[in-house]
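# Residue-level structural notes
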Amino acid sequence: MHRQATTLSRSLVVAAGLVVIFLAGCDDSNRYPAALRYPERADLVLKTENTTDYRVALPPPGKLDEAIREAADKKLFQVVVDPKDIDRKDRAELTKALEELFGTPAAPSIAPIEPTRAPRGKREEAEENLKLYESLLSENLGEDISDDDITYLVTDSDTLNKLTVVDPRSTTLAKGSELYRRHCMHCHGVAGDGRGPTGAWVDPHPRDYRQGVFKFLSTTKAAIASGKPRKEDLIRTLEKGIDGTSMPAFGLLPRHELEQLASYVIHLSLRGEVEYDTLMVLARDKNQIGDDLKKFVYQRAIQYTGQWARASKMEPNRPAAYPYSSATPEEMHESISRGYKLFIGKAECLKCHMDYGRQSAYRYDAWGTLVRARNLTETNYRGGRRPIDIYWRISGGIPPSGMPAHALADQEMWDLVNFVQALPYPGMLPDDVKHKVYPSPGEKH
Amino acid sequence: MQKGWSIFFGVILLATFLIWFAAPFFGWWLPENISTFGGGVDNLFYAILGLTTFFFVLTEVVLVYAMWKFVDRGGEKSVYTHGNHTLELVWTAIPAALLLGIAIAQIGVWEKIKYQSRMPAPDLTVSVLARQWEWRMRYPLDNQQFHYEDEDQKAASNLKSRLWAENPNFDDVHAINELHVWKNANVKLWIRTLDVLHSFTLPNLRLKQDTLPGKTIPMWFNAEKSNCEFVVRERSTGKPVTLAFNSKTKLVEVVTPSGREPLEARVADLKGELETSGNKADNWEIACQELCGSRHYAMRGRLYVHADEKSYYAWLQYSRGAQKATSLEAAVSMR
Ligand SMILES: [Cu+2]
């Protein structure tokens, strides 16, 4: 009798324990643990020049770093730096400086924190960091960049409108980090390295932000030498996704959440690029740094912040007026025919988009992964399907993957856009062009 | 205290039953039904729920009672029985009869929803392409091409619209995770997948269809309630503009003092927006109900049922205009 009572109370205790565990599991906070630090970069640091075509097969899935290492061993990249070879002391100093500037995943920032917000006992150090940062600002940021420009970069409109928020910049970034953890981290990784748990398994691989370069821009390199995207460009990619890749669309998220995500991506990219660049210099040209690594890191951080702010201030590349708004079908056919001639001739599209992209060869992109010129007979466009998106792709190129920018006359640009848009739809092409692009069996192309 | 276990199980079962019973009062229940055939689905659901509840309670009461009554009384030997023909006949025949009853009762509803031969002529056709992890919708500019009055044309029209679903048109309107229809329209969907199995589910319509690689699967529904309206305003002043809708040609035009212009051509200086009640209950979800990969949980979309045909075509033609953007001004219109 006594034994049974013990069994009963024991099982009640177990049941209560299960309830506690169950309820604890329902914590819906998306915040990173406070103790988590950004991991130090361990994969190869590359500089590639993407001009050579390869007739190769894609490496097997899940082998991202192995494949990059293999290509590096074959001397396919211009510069290869293994972070393992960097002096341990320098590395520790770099990591410390990065944390001072960029914080942790749970408390991200893009500049040293206000001493008043630093933990007790760290205030003096924080004060020194901030002083150093501010002393370097005017010299490295550029006259054209104001504090408001930087605020725009790392603040969402919702937070900015709330007057009670003490520090809209870090509030936005902290919210962005929560959203990032929920929606992006499993592919793009904690550090934005494109090496989250699922990252290696998808093709094309998720973007690694740590070189500060992105593919789908509404500006040209001629206008923005750094090649940085506008914040709006990142937001559009989030909103629409990238058709033909594993990047889904987040258009159903509210606008301010997209802004928070974009700001957090900018933060990750800044941090990653400062790390990338410092590792490069440490390995190849240490004299450039002198004896103050920390100062060098701070300078770079400010310079890149200026680049991002400058790009986001920029108006997108404004196309010349579209000449065919009220064109007749015949005029449209003529434009498509002219576009076709440009495609196979002067604009040299066929050189990479071989057989209109059906037979494109692989080449290495800026991240050391294999990419190929798009198959334009399919109907998906990674950077957007609107004529203006295609205009931006052609005029600005896609520098990180080797697609060059094209300077064509206004009308030629639109002729080419019209052709590219009609290309996947045989019914839209004039007969002679159709026979060239879609030869019937037996016909030669 | 030897009867402790029967009390323990009795209490847990009672608690389970009460939680389940209380759930609807906390909003854990089926979302509002908005489809013409959803009532039939719900009736079947409640009938089956009633049946299973009855037998659940009955068997559990008998179980707990038996535990209580026949608990070990010390020194008494258990009696074992083998086979009772009558009893077995009864517990086989009753469920069999019930299952047969359900099978017959559901025929009408299933036929209405899933039989291709019973699907009505579509007012609107949409292609739904699933991929890891989103729903890519495609809308034809011209829905008249797939409409028919005469049942004889049904097969031909069906084939035509299916070919369209598999081969995009130049002027199709694309939207991601957004299914737009209008109230009281017969909607036809063609469901496909680019990669793995997904399950296209519209809880408010009581409608669900798995996607199978290589298959183009038809679905249909008719929504009886709307949750949005497309409103177009001047971009500069924010004033709503007057739209005219031709129900024959389906053309939506902007009415200005100087005349009429197609909405599609005016996206650069007009701002179109979906207006909803803002009520959470009016957010009608599209969900994937097949575990399809690491981001399966995020494979959600939104069902927008426009108040009328005019609102739908205004959205469609405005979106088409935005998709044709060739200037910065037009590029800011609805993405
Ligand atoms: Cu799915």
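Cut-off values and rules
Residues numbered from 1 in each chain as written. Chains lettered and ligands numbered in written order. Predicted model: local features only at pLDDT ≥ 70, side-chain atom pairs only at ≥ 80, totals over all residues. Heavy atoms only, no water. Contact = heavy atoms within 4.5 Å. Buried area = accessible area lost by both parts, 1.4 Å probe. Salt bridge = Lys/Arg side-chain N within 4 Å of Asp/Glu carboxyl O. Polar contact = N/O pair within 3.5 Å; in protein donor to acceptor, adjacent residues only side chain to side chain. Donors = N, O, S within 2.8 Å, 3.2 Å for Na, K, Ca; no water. Tetrahedral: all angles 85-135°; square planar, octahedral: opposite > 155°, others 65-115°. Helix = DSSP H or I, 4+ residues; strand = E, 2+ residues; numbered from the N terminus. Buried < 20%, exposed > 50% of the residue type's maximum accessible area, 1.4 Å probe, protein only. Patch = residues over 30% accessible without salt bridge, like charges linked within 9 Å, V, L, I, M, F, W, Y side chains within 5 Å. Areas by Shrake-Rupley, 256 points an atom, 1.4 Å probe, with all protein chains shown as cover. Lys, Arg positive; Asp, Glu negative; His and termini not counted. Charge placed at Lys NZ, Arg CZ, Asp CG, Glu CD. Disulfide = S-S within 2.5 Å. Domains from an automatic or database assignment. Nonpolar A, V, L, I, M, F, W, Y, C, P; charged D, E, K, R; others polar.

In this section: the interface of chain B and chain A. Taken together, the contact between chain B and chain A spans 34 residues of the former and 41 residues of the latter. Contact between chain B and chain A buries roughly 3,200 Å² in total, counting both sides, with carbon and sulfur atoms accounting for 62%. Counting every contact that joins chain B to chain A gives two salt bridges. Measuring nitrogen to oxygen at the nearest pair gives 3.1 Å for the salt bridge that ties B:E329 to A:R318. At the junction of chain B with chain A, the criterion picks out ten residue pairs in polar contact (both at pLDDT 80 or more).

Residue and element names in this part refer to chain B. Taken together, H198 (ND1), C288 (SG), C292 (SG) and M299 (SD) make up the full set of protein donors to the copper ion, lying 2.1 to 2.5 Å away. Here the copper ion is ringed by four donor atoms whose angles at the metal span 91 to 123°, and the overall shape comes out tetrahedral. Sequence spacing of the donors to the copper ion: H-x89-C-x3-C-x6-M. One end of the pair, H198, is in strand 6 (residues 198-202); the other, C292, is in the loop between strand 14 (284-288) and strand 15 (300-306), with 94 residues separating them in the sequence. For the pair H198 and C292, a shared accessibility class is recorded, and that class is buried.

We now examine a negative patch on the surface. The grouping of B:E149, B:D150, B:E151 and B:D152 at the surface amounts to a negative patch. Secondary-structure assignment places B:D150 in the loop between strand 2 (134-139) and helix 4 (154-166).

Glancing now at the state of the cysteines. All names here are of chain A. Under the defined criterion, the tally for this structure stands at zero disulfides over all chains. C349 forms no disulfide, and the closest cysteine sulfur to it belongs to C352, at a distance of 8.9 Å. Judged by its relative accessible area of 12%, C349 is buried.

All names here are of chain A. As assigned here, chain A comprises domain 1 (45-313) and domain 2 (329-437). A C-alpha centroid distance of 31 Å is found between domain 1 and domain 2. At the junction of the two partners, domain 1 supplies 37 residues and domain 2 supplies 31 residues. Together, the buried faces of domain 1 and domain 2 total about 2,900 Å²; carbon and sulfur atoms form 56% of this surface. At the junction of domain 1 and domain 2, the tally comes to three salt bridges. Among the ionic pairs, D243 bridges to R385, the shortest N-O distance being 3.7 Å. At the junction of domain 1 with domain 2, the criterion picks out eight residue pairs in polar contact (both at pLDDT 80 or more). Broken down by element, the side of domain 1 that touches domain 2 gets its largest block of residues, three residues, from helix 2 (residues 64-73). A per-class count over the side of domain 1 that touches domain 2 returns 17 nonpolar, twelve polar and eight charged.

Glancing now at unusual backbone geometry. Residue A:D203 is joined to A:P204 through a cis peptide bond whose omega torsion reads -5°. Residue position: A:P204 is located in the loop between helix 8 (185-188) and helix 9 (231-240). Each neighbour pair has its own omega, and for B:Q132 with B:W133 the value is 5°, a cis peptide bond. Positive phi is not limited to glycine here, since A:K75 has a value of about 60°. You can see A:K75 is positioned in the loop between helix 2 and strand 2 (79-81).

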